[in-house]
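Each chain, written out:
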Amino acid sequence: MARRCYAHTLPGRAEEAWQDLREHLEGVSKRAAASGEALHAGDWARVAGLWHDLGKYSDAFQSYLRTASSPDPHIADASHATGRTDHSSAGAQHAVTHIDILGHLLAYSIAGHHSGLLDGRGSGSCLEARLAKTVAPWNHAPKDIVGAPVLTLPAFVEKALGRHDAFSVAFFVRMVFSCLVDADFLDTERFMNPDQAAARPRWPADVLTHMEASLDAHMTKVKSGSTPVNVERGMVREVCLAAAVQCPGLFSLTVPTGGGKTLSSLAFALRHAQRHSLRRVVYVVPFTTITEQTAEQFRHVMRPLGDSDPVIEHHSNLDAGSETTASRLATENWDAPLVVTTSVQFYDSLFAARPSRCRKLHSLAKAVIILDEAQTLPVDYLEPCLRVLRELTANYGSTVVLCTATQPAVEWRDDFRIGLAGVREIVPDPPRLYASLKRVDVEHLGQRNDASLAEDLMAHEQVLCIVNTRRHARTLSEAIGDRDHQHFHLSALMCPQHRTTVLTNIKAALKARRICRVISTQLIECGVDIDFPTVYRSLAGVDSIAQAAGRCNRHGTQKTGHTFVFRSEHEESERYFADTANCASQVLPLHEDPLSLDAVEHYFRLYYWDQSARWDAKGILQEFHLNRNDRQFPFLFGFSTVAERFHLVDDTGRPVIVPWEDAGNALCQELRVSHPVPDRTLLRKLQRYTVQVPVSLWNTHVGRQSIDLVHDRYPVLASPELHYSERTGLDLDRSLVEALVI
């Protein structure tokens, strides 16, 4: 009788109740193959699942399991102290030995299924070293498990090999890896934590149909008068629905700010997904603050669906971007009908190496991906980002919608050959729509110091001023603070609940036609439905100026609104905006209408198209090489190196929980007394009281009198009376905390 081997144990469970290794391999194989079908990689994912834990058949690993699970704590502790036995190298070596040349593609996924995708070669841990490593014999593996399969590459991978497109081949490896690690997580969870496995959401087959019906009902309910703006918004939605029948691929939706892009693009996505059997919608926005706003807007629209929440938001605050246990689990692999996430989360995951970051990637196949303000990509990462969008649409059955208020700046052109080719514009005549929705004049004022700018603002009873940094927002707010008790300040130094309260007061003041002067960072530019007769905007990119103008005469209630662009006295400290502001400063004097299509094209020529030396400034694409003449190592991929280099934003910050007002204070008290760990619902509520600060500042203050690390994990502001202003928010160290731009 063959010896029984095990994959996992549970403390306190008899050996007979441990997870059988064969059962685990077959379970992972089945799950991985199911995920791989959408990638045309079902067989590859199936074999990766079968072979990923072959090393667990060794006597050494089985001995480790038994000693680690011993009821004698001295034996168990000794086992843990000596470390776990390497069980992933065996499967990688087997793949290379039994599948000629192409086995290396499987080896990357198998070798990295715990530690992460490795570089092919390197001075430290790498695939080459793992393949040369002496591993414990695993003679107990069943022959039908280890038998060499016949694997056929998908046609698009064969073509990529033919044209020496190493990035495309490596991306296929990355997607197979995603299938494997997600399946491994899920099958292990099924055994180790069956209650959590049962809590994972399961969506009805017609969930997208229900979501579309809910959106239709909402749009019918909110339809208002036939103003020119509302007529155009209705037209945008209708052309989106009409375009949904077109085949999956690349689309653009070019609609001026205030033209109803958000819900119209969602209407397109839901109908398009149903028409072409796509699986989900992923809505990608530029900033975390906009993620919260967009997700709440979608939840409001989807409320008629009942108790189930088909919307999950995924960002970094407190690592708890969910309302319920089910939606929290869905953020791990994006197994949900509608995902709202940030550009940082989206693109960084596509170049990540860690299994936890890569689990979700296979969910992007056969999905509708809406990129809100797609032109906000940093020029230094432009080519790698456009490459992954091409891969998803060309080879993995996805649709990408470039949703923008200006124009698709990333389309292929003769002078921009890394751009996306074959993009179909949904709006039939963007210039006509721009002219019809034009309700703002834009004027460039030149240099303005804070004193003169304050005087300008005081001359208006209702005015919005948008600046580039938290620091400038605070100093300008203070400059007019003593003279005007009817002005408001908005920045991400204020926790979301605080900002929501301030926005509610702003809207009430505008509706009542009271004096209302607002100083804000760019967080007010996207996803906030607010309407001022006059807007001032510190010099930034033309697309940012367009967003600011979208808060001016937004609903067309007056004949013409006025947006004034000025150069700030703080320009030297606004490094994040230096490139875009410099390009805009060259464009604005040359065009009567700075937001005209000609002006926008001129701007993107300077910012994107003429900067070919910076399109891959971090050398991401240089880390992937093919050498099929080298049978020992035909695929040299730098997965780990790329993950270290690719960070769309260098410092996304760390969270600080603010006990703001009675509700925030009560939640923080609840956090302090929660045992052994806080409930996820509590963490979700605390997100509304969280401010992101730079990592350097967080490290300086955490564990000291200003920030208390509750349960050694959750940073709570210890003295809000000293460090949190009712007007301007968090104030730990202005020179650092205000470095984050919004």
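The rules we used
- Residues numbered from 1 in each chain as written.
- Predicted model: local features only at pLDDT ≥ 70, side-chain atom pairs only at ≥ 80, totals over all residues.
- Heavy atoms only, no water.
- Helix = DSSP H or I, 4+ residues; strand = E, 2+ residues; numbered from the N terminus.
- Rg over C-alpha atoms; globule rule 2.2 N^0.38 Å.
- Buried < 20%, exposed > 50% of the residue type's maximum accessible area, 1.4 Å probe, protein only.
- Contact = heavy atoms within 4.5 Å.
- Areas by Shrake-Rupley, 256 points an atom, 1.4 Å probe, with all protein chains shown as cover.
- Polar contact = N/O pair within 3.5 Å; in protein donor to acceptor, adjacent residues only side chain to side chain.
- Pairing = 2+ DSSP bridges.
- Axes fitted to C-alpha atoms, helices over the stretch in contact; angles between N-to-C directions.
- Phe/Tyr/Trp six-rings, centres within 6.5 Å; stacked < 30°, edge-to-face > 60°.
- Lys NZ or Arg CZ within 6 Å of the ring centre and 35° of its normal.
- Left-handed = near helix turned anticlockwise from the far one by under 90°.
- 1 Å grid on protein atoms, 1.4 Å probe; cavity = no way out; pocket = protein on both sides within 12 Å on 5 of 7 lines; lining within 4 Å.
- Points joined across faces, edges and corners; volume = space filled by probe spheres on them.
- Nonpolar A, V, L, I, M, F, W, Y, C, P; charged D, E, K, R; others polar.
- Core = buried A, V, L, I, M, F, W, Y, C linked by side-chain atoms within 4.5 Å.
- Salt bridge = Lys/Arg side-chain N within 4 Å of Asp/Glu carboxyl O.
- Parallel < 35°, antiparallel > 145°, perpendicular 65-115°, else oblique.

### Comments concerning the overall build of the protein
1) Next: Looking only at helices and strands, the protein features 32 helices and 23 strands.
2) Next: A globule of 742 residues ought to have a C-alpha radius of gyration of about 27 Å, and the protein, at 27 Å, matches this closely.
3) Next: Counting the 742 residues in the protein, one finds 60% classified as buried.
4) Next: The contacts of the protein with a sequence gap of at least 6 include a subset with a gap of at least 24, amounting to 76%.
5) Next: Accessible area of the protein: about 29600 Å², with a carbon and sulfur share of 50%.

### Remarks on helix H25 (residues 578-587)
1) Next: All of the buried residues along H25 are Thr580, Ala581, Cys583, Ala584, Ser585 and Val587.
2) Next: In this fold, the buried residues of H25 make contact with helix H24 (542-549), strand E15 (561-568) and helix H26 (597-609).

### Some details on the side chain of Arg130
1) Next: Considering the arrangement of structural elements, one finds Arg130 in helix H7 (residues 127-132).
2) Next: A distance of 2.6 Å separates the side chain of Arg130 from the side chain of Ser89, its partner in a polar contact.
3) Next: From its side chain, Arg130 meets the backbone oxygen of Ala111 in a polar contact 2.9 Å long.
4) Next: Once residues within four sequence positions are removed from consideration, Arg130 is found in contact with Asp86, Ser88, Ser89, Gln93, Ala111, Ser115 and Leu118.

### Examining the sheet that holds E15
1) Next: Within the open sheet, the 6 strands sit side by side as E10-E15-E14-E11-E13-E12. Their pairing is parallel. Edge strands, defined here as strands with exactly one partner in the open sheet, are strand E10 (440-448) and strand E12 (487-490). Taken over all neighbouring pairs, the strand axes of this sheet differ in orientation by 15° on average, direction set aside.
2) Next: Direction of pairing for strand E14 (residues 534-538) relative to E15: parallel, over a ladder of 5 bridges. Looking at E15, one finds that Thr534 is bridged to His562.
3) Next: Its contacts with the sheet place helix H23 (residues 496-511) against strand E11 (462-466), E12 and strand E13 (516-520), and it is angled at close to 145° to E12.

### Concerning the packing of aromatic side chains
1) Next: Evaluation of the coordinates by the stated rule reveals 27 aromatic pairs.
2) Next: Measuring from centroid to centroid gives 5.2 Å for Phe156 and Tyr396, while their planes differ by 70°, and the two rings are edge-to-face. In this pair, Phe156 sits in helix H9 (residues 155-162) while Tyr396 sits in the loop between helix H19 (382-395) and strand E8 (399-404), placing the two residues 240 residues apart along the sequence.
3) Next: Taking relative accessible area as the criterion, Tyr396 reaches 1% and is therefore assigned buried.
4) Next: When the centroid spacing of 5.9 Å and the interplanar angle of 20° are considered together, the rings of Tyr603 and Tyr607 count as stacked. Here Tyr607 and Tyr603 lie together in helix H26, a separation of 4 residues that amounts to about one turn.
5) Next: Residue Tyr603 is classed as buried on the basis of its relative accessible area of 0%.
6) Next: Across from the ring centre of Phe251, 4.1 Å away, lies the NZ or CZ of Arg424, which sits over that ring.

### Points about the environment of Gly122
1) Next: As for its placement among the helices and strands, Gly122 is situated in the loop between helix H6 (103-111) and H7.
2) Next: Residue Gly122 is classed as partly exposed on the basis of its relative accessible area, which comes to 47%.

### Comments concerning the side chain of Gln93
1) Next: Considering the arrangement of structural elements, one finds Gln93 in helix H5 (residues 89-98).
2) Next: Under the relative-accessibility criterion, Gln93 is labelled buried at 16%.
3) Next: With residues near it in sequence (within four places) discarded, Gln93 still touches Arg130, Leu131, Lys133 and Val135.

### Let's talk about the packing of helix H21 (residues 450-458) against helix H22 (residues 470-481)
1) Next: Put simply, H21 and H22 touch, their axes get as near as 9 Å, and they point 65° apart. Remark: the crossing between H21 and H22 carries right-handed chirality. Two secondary-structure elements touch here, H21 through Asp450, Leu453, Ala454, Leu457 and Met458 and H22 through His472, Thr475, Leu476, Ala479 and Ile480.

### With respect to the sheet that holds strand E7 (residues 367-372)
1) Next: A sheet is described by the order of its strands in space; here 7 strands give the open sequence E5-E6-E4-E7-E8-E3-E9, paired in parallel fashion. In this open sheet, the two strands that pair with only one neighbour each are strand E5 (311-314) and strand E9 (424-425).
2) Next: Across 5 bridges, the pairing between strand E3 (residues 250-254) and E8 is parallel. Of the residues in E8, the one forming a bridge with Phe251 is Val401.
3) Next: With respect to the sheet, helix H14 (residues 261-275) is in contact with E3, strand E4 (280-285), strand E6 (338-342), E7 and E8, its orientation differing from that of E7 by roughly 165°.

### Focus: empty space enclosed by the protein
If a probe as big as a water molecule is rolled over the atoms, it shows which places are left empty.
1) Next: All chains considered together, the criterion is met by 6 cavities of 30 Å³ or more.
2) Next: There is about 270 Å³ of room inside the largest cavity.
3) Next: Lining the largest cavity are 20 residues, and of these Pro256, Thr257, Tyr434, Ala546 and Leu595 sit closest to its centre.
4) Next: Elements represented by at least two residues in the lining of the largest cavity include exactly helix H20 (430-437), E10, H24 and H26.
5) Next: Top contributing element to the lining of the largest cavity by residue count: H20, with 3 residues.
6) Next: Looking at the lining of the largest cavity residue by residue, the class counts come to 13 nonpolar, 4 polar and 3 charged.

### Here's the deal with the nonpolar core
Looking at soluble globular proteins, one finds that nonpolar side chains tend to be buried together.
1) Next: The biggest cluster of nonpolar side chains holds 178 residues, and the ones touching the most others in it are Phe346, Ile506 and Phe637.
2) Next: In terms of residue count, the dominant contributor to this core is helix H10 (residues 166-192) (14 residues).
3) Next: Excluding anything up to four places from it in sequence, Phe346 contacts Val284, Trp334, Thr341, Leu364, Ile369, Leu371, Leu389 and Leu392.
4) Next: Counting 44 residues, the second-largest nonpolar core is a separate cluster that includes Cys240, Ala243, Val340 and Leu433.

### Section: the pairing of E3
Within a regular strand, the side chains alternate between the two sheet faces.
1) Next: Most of E3 is tucked away: 5 of the 5 residues are buried.
2) Next: Neither face of E3 is open: one carries Leu250, Ser252 and Thr254, the other Phe251 and Leu253, and all of them are buried.
3) Next: The pairing of E3 with E9 spans 2 bridges and is parallel. Across the sheet, the residue bridging to Phe251 is Arg424, located in E9.

### With respect to the pattern of salt bridges
When the charged atoms of two side chains lie near each other, side chains of opposite charge can form a pair.
1) Next: Per the counting criterion, the structure on display carries 36 salt bridges.
2) Next: As a salt-bridge pair, Glu313 and Arg299 come within 3.0 Å of each other at their nearest N and O atoms. Highlighted residues: Glu313 in strand E5 and Arg299 in helix H15 (residues 288-302), separated in sequence by 14 residues.
3) Next: The class of Glu313 is buried, set by a relative accessible area of 1%.
4) Next: Two residues, Arg614 and Asp380, come together in a salt bridge whose shortest N-O distance is 2.8 Å. Taken together, the residues span a long stretch of sequence, with Arg614 in the loop between H26 and strand E16 (624-626) and Asp380 in the loop between E7 and H19 at a distance of 234 residues.
5) Next: Within this structure, Asp182, Glu189, Arg200, Glu332 and Arg359 form a network of salt bridges that share partners.

### Considering the packing of helix H2 (residues 42-51) against H10
1) Next: Running from N to C, H2 and H10 cross one another at 55°; their axes reach a closest spacing of 9 Å. Taken together, H2 and H10 sit at an angle that is classed as oblique. As H2 packs across H10, the resulting crossing turns out to be right-handed. Within the contact between the two elements, H2 uses Trp44, Ala45, Ala48 and Gly49 and H10 uses Phe172, Val176, Cys179 and Leu180.

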